[in-house]
Amino acid sequence: FSATFPPEVAQLAKGILRDPARVAVGEAGEAADTVTFTAFPVPVARKRALLEHLLDQMEQPSVMVFTRTRRGAKKLARTLYEGGHRVEELHADLS
């Protein structure tokens, strides 16, 4: 999900995702100047550690992190909360 989906992100997703589906509502627009997209290719075993490091170093008021499953979202939320971060889960209740 993304309210804004620039061509660079679409190209990146095309190279990473398997058989992705895209749903669009309304007309395509441009991302707001205050929105940035960043991807960090990293081995699975290092993802949580990198995310925690980035959150500790960044001075962003809010960050959205996408996970593949509800279980992954819950586990990540718990880990980040225990690491001292304010966390909210938002998912479609899919396993």
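See above for the structure.
Residues numbered from 1 in each chain as written. Predicted model: local features only at pLDDT ≥ 70, side-chain atom pairs only at ≥ 80, totals over all residues. Heavy atoms only, no water.

A. Quick peek at helix H3 (residues 70-82). Over its 13 residues, H3 extends 18 Å from the first C-alpha to the last, a length consistent with the 18 Å expected when each residue adds 1.5 Å. Within the span of H3, buried status applies to Ala73, Leu76, Ala77 and Leu80. Down the axis of H3, the smallest arc covering the buried residues is 105°, so these residues share one side. Of the residues in H3, the exposed ones pointing more than 90 degrees away from the buried face are Arg71 and Glu82. For H3, the secondary structure elements touched by its buried residues are helix H2 (47-57). Two residues or fewer after H3 comes Gly84, characterised by a positive phi angle close to 95°. (Helix = DSSP H or I, 4+ residues; strand = E, 2+ residues; numbered from the N terminus. Expected span 1.5 Å × (residues − 1). Buried < 20%, exposed > 50% of the residue type's maximum accessible area, 1.4 Å probe, protein only. Arc of directions from axis to C-beta. Contact = heavy atoms within 4.5 Å.)

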